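# Architecture and fold: a report
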Amino acid sequence: MSIDRAANRFSTISNAGRAGSGVTKGLIFSGCLVVSFISMTGAASAHVKWFVPCVVSDDPLPVQAVLTTKFFLFLALFLALFYLACAAEQTRFGATVSKFLDQLTEPLRDRVDDLLRAAAAVFFALLWAHGGLILTPELEASSFWLSAIQLLIPLFLGARATLPAAGAGIVLLYVYGAASYGLFHMLDYPVFPGLGVWFALSLSRNAKLLAFRSDFLRWTVALSLLWPAMEKFVYPAWVAPIAIAHPELTLGFDVPTVVTAAGIVEFGLAFALFWTPLVRRLAALALVLVLTAATLDFGKVDGIGHLMIIAILVAVFANRDDRPARYRPALAPLVGSMALPATLLLYTGAHTLSYTSLTTPIEPLAGGTALLLLVFLCLRRFAAGPGNTRYESGQDLVRQVSRQVPRQVPHRLSLRASIVAATSDAAPEVAVGGVALTAVVLIAFLGLRGHELQVPPSAASAPPRQQHSDMSPLAMIRTT
């Protein structure tokens, strides 16, 4: 009997070893592919509008021209890698990787606030020193009140009481950019409102609000990378000059192939930031490597422009989320296959709505909205996936310890109660923050009252609108 038990146990161990070996081989193969794709996407990882004259109002390529054979091949490869990563997260190997990342990033995890405050202070101080910019290199504007707010933001970031005023200043700069350049153009940079909300909620003592600001900042940085990825598909002529100027980054592939691969990888890594804990941490790490490597090729402009995104991605990588994975691995390729065409349709529809017609974009907007609704229904219906093995062993112990440790504050604290408590306990802090916020509002009011919004300098000297027929892949290569 003991021999039979030993044989059964040996068989179980060998099967588990073969399963783990298969997962390990799949991950090694996936890692090699990802490294190859990262090296190929260096040609497009820099923000295109910062280095190439781009007219946002140009007609994009139609969706039918984007859906080529190469597009579907790269999409299928991304979905396969996405599924492998999600499946690996549900194994003991994924639990081991998660624990290793927790130990590796533990010194940084408690200093995320300091990291973001320091990065934002350096970023806005450089904007103020350069002058003539709102938030990014292509957003040009010359005004004394803009420079004053850009100078106040790093000063306000130095004290905890004035963090909400700094956040309000960041949101104000974003709103001014939207009023000057249009909301569609500013959809490339939702990370700045996310950063403003992060600082605005820094004084809150509500655990739910603090958790929300972390998720909201991650969502906005994901959208800031996901939305511009559509430019690689509908405006390939913008990326072609960069790929031709840096031929070493193409690895010998033709320009259309590199541009398509760059769009798929950029979208895939950005979309992974919305997914399960380990997947989004690895995606954040890959994006940090990509953006850092691009700085070596494209110089200070790219490094300064992506400084805040890199800092936020480092914070995402260091964040430890103890919530178990809620989605089944098979749901990842299903949702991803719908999210990409949905974003593409919404991009083209929003562009037409902003620059061409109020009635034409009904079809792409309706199609993109329908696909997003399907994504939402799939996530709601199939969200209850198997728990991550990382949490199964220690979750009960954590619950027992949390029951034994007495809480200093009530478990359920309403928003109003938390605000009142913070106000009564820190009246000087609130007073200083109110004065700082008033300074930002007064500067903005006086500046806007004396300066009317003008046509952006880049749009004033822009060439006439181009039609999508002039931007075919063959014409793109001939013109470059």
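Computed from a predicted model, the values in this text were never measured in an experiment.

Our focus in this paragraph is the side chain of Ser143. Position of Ser143 relative to the elements: it lies in the loop between helix H6 (112-130) and helix H7 (144-156). Only 3.0 Å separates the side chain of Ser143 from the side chain of Trp145, close enough to count as a polar contact.

Here we take up the packing of helix H11 (residues 207-229) against helix H14 (residues 255-272). Closest axis-to-axis distance for the H11/H14 pair is 8 Å, and the angle between their directions is 155°. Classified by the angle between their axes, H11 and H14 sit roughly antiparallel to one another. Along this stretch, H11 crosses H14, giving a crossing that reads as left-handed. Counting all contacts with H11, which are made through Ala222, Leu225, Leu226, Pro228 and Ala229, the residues of H14 involved are Gly263, Glu266, Phe267, Ala270 and Phe271. The residue makeup of the contact of H11 with H14, split by class, is 8 nonpolar, 1 polar and 1 charged.

What follows is about empty space enclosed by the protein. Here the structure, examined in full by the defined rule, presents 2 cavities of 30 Å³ or more. Roughly 40 Å³ of internal volume is contained in the second largest cavity. Broken down by element, the residue count for the lining of the second largest cavity peaks at 3 residues, all from helix H15 (residues 277-298). Here the residues of the lining of the second largest cavity are counted per class, giving 2 nonpolar, 1 polar and 4 charged.

Quick look at the side chain of Lys232 now. Among the structural elements, Lys232 can be located in helix H12 (residues 231-234). In this structure the side chain of Lys232 is engaged in a polar contact, spanning 2.8 Å, whose partner is the side chain of Glu266.

On to the packing of aromatic side chains, then. Counted according to the given criterion, the structure contains 18 aromatic pairs. Ring centres of Phe184 and Trp227 lie 6.2 Å apart, and the angle between their planes is 70°; on these two criteria the pair is classed as edge-to-face. Here Trp227 lies in helix H11 and Phe184 lies in helix H9 (residues 183-186), a separation of 43 residues in the sequence. Residue Trp227 is classed as buried on the basis of its relative accessible area of 13%. Centroid distance Phe184 to Tyr355: 5.8 Å. Interplanar angle 90°. Geometry classified as edge-to-face. Taken as a pair, Phe184 in helix H9 and Tyr355 in helix H18 (residues 331-355) lie far apart in primary sequence, 171 residues in all. Using a relative accessible area of 29% as the deciding quantity, one classes Tyr355 as partly exposed.

Taken together, Leu373, Leu374, Phe376 and Leu377 make up a surface patch of nonpolar side chains, about 390 Å² in accessible area. Residue placement: Leu377 occurs in helix H19 (residues 362-381). The class of Leu377 is partly exposed, set by a relative accessible area of 46%.

Cut-off values and rules
- Residues numbered from 1 in each chain as written.
- Predicted model: local features only at pLDDT ≥ 70, side-chain atom pairs only at ≥ 80, totals over all residues.
- Heavy atoms only, no water.
- Helix = DSSP H or I, 4+ residues; strand = E, 2+ residues; numbered from the N terminus.
- Polar contact = N/O pair within 3.5 Å; in protein donor to acceptor, adjacent residues only side chain to side chain.
- Axes fitted to C-alpha atoms, helices over the stretch in contact; angles between N-to-C directions.
- Parallel < 35°, antiparallel > 145°, perpendicular 65-115°, else oblique.
- Left-handed = near helix turned anticlockwise from the far one by under 90°.
- Contact = heavy atoms within 4.5 Å.
- Nonpolar A, V, L, I, M, F, W, Y, C, P; charged D, E, K, R; others polar.
- 1 Å grid on protein atoms, 1.4 Å probe; cavity = no way out; pocket = protein on both sides within 12 Å on 5 of 7 lines; lining within 4 Å.
- Points joined across faces, edges and corners; volume = space filled by probe spheres on them.
- Phe/Tyr/Trp six-rings, centres within 6.5 Å; stacked < 30°, edge-to-face > 60°.
- Buried < 20%, exposed > 50% of the residue type's maximum accessible area, 1.4 Å probe, protein only.
- Patch = residues over 30% accessible without salt bridge, like charges linked within 9 Å, V, L, I, M, F, W, Y side chains within 5 Å.
- Areas by Shrake-Rupley, 256 points an atom, 1.4 Å probe, with all protein chains shown as cover.
- Salt bridge = Lys/Arg side-chain N within 4 Å of Asp/Glu carboxyl O.

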